Amino acid sequence: MLNKETGLRASARERSDEIVVTTMSAASIWGRLSGHDLDFASIGSAMGHAADFALGLALARPDKKVMVLNGDGSMLMSLGTLVTIVASGAENLLLFLLENDTYEITGNLPLPAAGRVSFPGLAEAAGFRRVFDFHRQEDLERALPGILSGRGIAFVNLRLERGREPVPVRAPDQAISYLSRPLHAAAGLLRAHLAEEGGVGPPH
Amino acid sequence: MAAILKDGEEQVLKAESIVAELKRLGVTHAVGLGDTALGRVCELLSADPELKWVPVCREGEAFAVAAGLTVGGKHPVVMIQSTGFLESGDALRGTLVNMKLPVLVLISYRGYAGARRARGAAAETDWTDTAAVFLEPTLAAWGLPFLTLGGDEELARIGEALELARQRSAPAALLLLGGCV
């Protein structure tokens, strides 16, 4: 089993200019590890909709890669998104799934059919061609450069130890920078950063 | 879905007209799930190299994908049936509303003609489509203003609804009262 913090630390180390969308139990840890302008927390947003939000970013910006750090409970809430991603024809979305078999932030309530669902199997069946399944830190670290630099969408399953992450919240006194502003301001800031890099048109 | 009557005249809404108007308004993507009313529009968009059609598996996804597209600098619309809209409450709230994104939501109004007849008779019957009964109260409850579109002569409503969304920095809806031909 992987440890969430060390697994994400390795991912943060390898990340360069990708857009990164986090949610639920990954949001606070990533915020402490990263602090990049192109980080976005899907917190105060819609449950189960981080991956499809990331897909929208990927379709808007085919010149950039988009990583989303989704939870297994979040994935189950919108499982059809695996098919939507494949159908979209996007080539630049990297879907990391943090699998710990529980709804961690609500007290580790077990997922339906916990331990009996193969998320990599679901991704393969949906049409993902690059599917990875990691149990060990050294395997993840060895593969990450190729995953990030490779062509096409990828599904990256991280089998994690059970965690104890509290509910992440947006608040003005949040120590984690990307959680210290309201969702609309965070979305506006990401849009502005993307506009600085080019590719964003004038307001509609 | 049959064409609707307005002042005794049949209104016709052409799919080609909708697509042309969306392009004229600078829309870049249509995200959604088609039904019998929107089917022809979806067919046209699927083959259109300019205005991209992004199909989803469940309507809630359309709001999240449209939010990502907007933050990424594109100009999408959401295109779904009223039943799917009723399914999408938290997705709408958590994305377009909370992010204050002015996205137009085109909703085909399933059961509109039957519900209108029922209202005229001051009573719903066992045969009234509840998808139509619940739509407008739900739009009101979720704070989404709307305009309606019956036929080609009202195509300007698309731009008006888009302008409504822009003015409030939030989504607005346009209800398609009949099917597109």
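Every value quoted in this text rests on a predicted model; they were computed, and no experiment measured them.

Undergrad: Could you clarify how one ought to interpret the overall build of chain B in this entry?
TA: Helix and strand content of chain B: eight helices and eight strands. Here chain B has a C-alpha radius of gyration of 15 Å; the compact-globule value for 181 residues is 16 Å, and the two agree. Structurally, chain B occupies a C-alpha span of about 50 × 30 × 30 Å along its principal axes. Residue burial in chain B is summarised as follows: out of 181 residues, 56% are buried. In chain B, the proportion of contacts linking residues at least 24 apart, taken out of those at least 6 apart, comes to 76%. Put simply, chain B shows about 7300 Å² of open surface, and 53% of that area lies on carbon and sulfur atoms. Charge-centre separation for chain B: the mean point of 17 positive side chains lies 5 Å from the mean point of 22 negative side chains.

Undergrad: Would you mind showing me how to read the overall build of chain A here?
TA: The helix and strand tally for chain A stands at eight helices and eight strands. Across its three principal directions, the C-alpha atoms of chain A cover 45 × 40 × 30 Å. Among the 204 residues that make up chain A, the fraction classed as buried is 54%. Within chain A, residue pairs in contact and separated by at least 24 positions form 72% of the contacts whose partners lie at least 6 positions apart. Working note: accessible area of chain A is about 8400 Å², and carbon and sulfur atoms make up 53% of it. Once the 20 positive and 23 negative side-chain charges of chain A are each reduced to a mean point, those two points are 1 Å apart.

Undergrad: Honestly, the sheet that holds strand β7 (residues 130-134) of chain A in this entry has me stumped. Any pointers?
TA: The strands that make up a sheet are held in pairs by hydrogen bonds between backbone atoms, and each pair lies either parallel or antiparallel. Residue and element names in this part refer to chain A. Across the sheet, which stays open at both edges, the six strands sit in the order β2-β1-β3-β4-β8-β7 with parallel pairing between neighbours. The sheet is open, and its two edges are formed by β2 (39-41) and β7, each paired on a single side. Mean inter-strand twist for the sheet, computed between neighbouring axes without regard to direction, equals 15°. The sheet contact formed by strand β3 (residues 66-71) and strand β4 (residues 93-99) spans six bridges and is parallel. Looking at the pairing, Met67 lines up with Leu94 of β4.

Undergrad: Help me understand the interface of chain B and chain A in this model?
TA: Interface size is commonly expressed as the accessible surface area that is lost when the partners come together. Opposite the 31 residues of chain B that make contact, chain A presents 31 residues. For the chain B and chain A pair, buried surface summed over both sides reaches about 2300 Å², with 64% attributable to carbon and sulfur atoms. When the buried surface of chain B facing chain A is broken down by residue, Val71, His75 and Met99 of chain B rank first, second and third, together holding 23% of it. The interface formed by chain B and chain A holds zero salt bridges in total. Across the chain B-chain A interface, the total number found is nine residue pairs in polar contact (both at pLDDT 80 or more). Those elements that provide at least two residues to the side of chain B that touches chain A are β4 (52-55), α3 (59-71), α5 (89-97) and α8 (156-168) of chain B. Looking at the side of chain B that touches chain A element by element, the count peaks at nine residues for α3 of chain B. Here the residues of the side of chain B that touches chain A sort into 14 nonpolar, eleven polar and six charged.

Undergrad: Any chance you could explain the pairing of β4 of chain B here in plain terms?
TA: A regular strand places its side chains on the two faces of the sheet in alternate fashion. Residues and elements named next belong to chain B. Of the pairings in the sheet, the one linking strand β3 (residues 29-32) to β4 comprises four bridges and is parallel in character. By the bridge assignment, Val31 is partnered in β4 with Val54. At this point the chain moves from β3, through helix α2 (residues 39-46), to the parallel β4, and the crossover so formed is right-handed.

Undergrad: So what exactly am I meant to see when it comes to the confidence of the model for chain B here?
TA: The predicted coordinates should not be examined in detail at positions where pLDDT is low. Averaged over every residue, the pLDDT of chain B is 93; the share at 70 or more is 93%. Model confidence for the complex is summarised by a pTM of 0.96, with the ipTM given as 0.96.

Undergrad: What's the story with the packing of α3 of chain B against α5 of chain B in this structure? I'm lost.
TA: Residues and elements named next belong to chain B. Across the interface, α3 lies against α5 with an axial gap of 8 Å and an inter-helix angle of 5°. It follows from the interaxial angle that α3 and α5 lie roughly parallel. Residues Gly60, Phe63, Ala64, Ala66 and Ala67 of α3 lie in contact with α5, whose contacting residues are Ala91, Leu92, Thr95 and Leu96. Across the contact of α3 with α5, the residue classes tally to seven nonpolar, two polar and no charged.

Undergrad: Please clarify how the packing of aromatic side chains should be interpreted in this entry.
TA: Aromatic ring pairs: the centre-centre distance and the angle between the two ring planes describe each pair. All names here are of chain A. Under the defined criterion, the tally for this structure stands at five aromatic pairs over all chains. Judged by centre distance (5.9 Å) and plane angle (70°), the ring pair of Phe128 and Phe155 falls under edge-to-face. Taken as a pair, Phe128 in the loop between α6 (119-126) and β7 and Phe155 in strand β8 (residues 154-159) lie far apart in primary sequence, 27 residues in all. Owing to a relative accessible area of 4%, Phe128 belongs among the buried residues under this scheme. Classification of Phe155 by relative accessible area gives buried; the value is 0%.

Undergrad: Could you clarify how one ought to interpret the side chain of Asp152 of chain B in this entry?
TA: All names here are of chain B. In this structure, Asp152 sits in the loop between β7 (146-149) and α8. At 2.9 Å, the side chain of Asp152 and the backbone nitrogen of Lys14 are in polar contact. Sequence-distant contacts of Asp152, defined by excluding residues within four places in its chain, comprise Val12, Leu13, Lys14 and Ser17.

Undergrad: I'm lost on the pairing of strand β5 (residues 76-81) of chain B in this one. Help?
TA: Residues and elements named next belong to chain B. Extensive coverage of β5 is indicated by the burial of six of its six residues. Residue alternation in β5 divides its side chains into two sets, Pro76, Val78 and Ile80 and Val77, Met79 and Gln81, and both sets are buried. Bridging between β3 and β5 involves four bridges; their strand directions are parallel. Its bridge partner lying in β5, Val31 is registered against Val78. Of the pairings in the sheet, the one linking β5 to strand β6 (residues 104-108) comprises five bridges and is parallel in character. Across the sheet, the residue bridging to Ile80 is Ile107, located in β6.

The rules behind each value
Here, residues in each chain are numbered from 1, in the same order as that chain's written sequence. Lettering of chains starts at A and numbering of ligands starts at 1, both following the order in which they are written. Given that the model is predicted, a residue must reach a pLDDT of at least 70 before its local features are reported, and side-chain atom pairs must reach 80 or more before they are shown or counted; all residues, however, enter totals for whole chains, interfaces and linings. In computing side-chain properties, one takes all heavy atoms of the structure into account and sets aside hydrogens as well as water. The helix count covers DSSP runs of H or I at least four residues long, the strand count covers runs of E at least two residues long, and both are numbered beginning at the N terminus. The atom set for the radius of gyration is the C-alpha atoms, and the globule formula is 2.2 Å times the number of residues raised to the power 0.38. Accessible area is worked out with a 1.4 Å probe on protein chains only. A residue is then buried under 20% of its type maximum, exposed over 50%, and partly exposed in between. Whether two residues touch is decided by their heavy atoms; if any such pair falls within 4.5 Å, the residues are in contact. For accessible areas, the Shrake-Rupley method is used with a probe of radius 1.4 Å. Any residue's cover is judged against the shown protein chains and nothing else. Positive: Lys, Arg. Negative: Asp, Glu. His and the chain ends are not part of the count. Charge positions are represented by NZ for Lys, CZ for Arg, CG for Asp and CD for Glu. By this definition, two strands are paired if DSSP reports at least two bridges between them. Inter-axis angles, ranging from 0 to 180 degrees, are taken between N-to-C directions of lines fitted to C-alpha atoms, where helices are fitted over the stretch in contact. For any pair of parts, buried area is found by adding up, for both, the accessible area (1.4 Å probe) each one loses once the two are put together. When a carboxyl oxygen of Asp or Glu is within 4 Å of a side-chain nitrogen of Lys or Arg, the pair counts as a salt bridge. N or O atoms within 3.5 Å of each other form a polar contact, as long as, within protein, one can give a hydrogen and the other can take it, and as long as residues adjacent in sequence are counted only when both atoms are side-chain atoms. Throughout, the ten residues Ala, Val, Leu, Ile, Met, Phe, Trp, Tyr, Cys and Pro are labelled nonpolar, Asp, Glu, Lys and Arg are labelled charged, and all others, Gly among them, are labelled polar. Call a crossover right-handed when, viewed with both strands pointing away from you, the route from the first strand across the helix to the second goes clockwise. By definition, pLDDT measures how confident the predictor is in each residue, and it falls between 0 and 100. Angle categories: roughly parallel below 35 degrees, roughly antiparallel above 145, roughly perpendicular from 65 to 115, and oblique for all the rest. For Phe, Tyr and Trp, rings pair up if their centres lie within 6.5 Å, where Trp contributes its six-membered ring, and each pair is then called stacked (planes under 30 degrees apart), edge-to-face (over 60) or tilted (otherwise).

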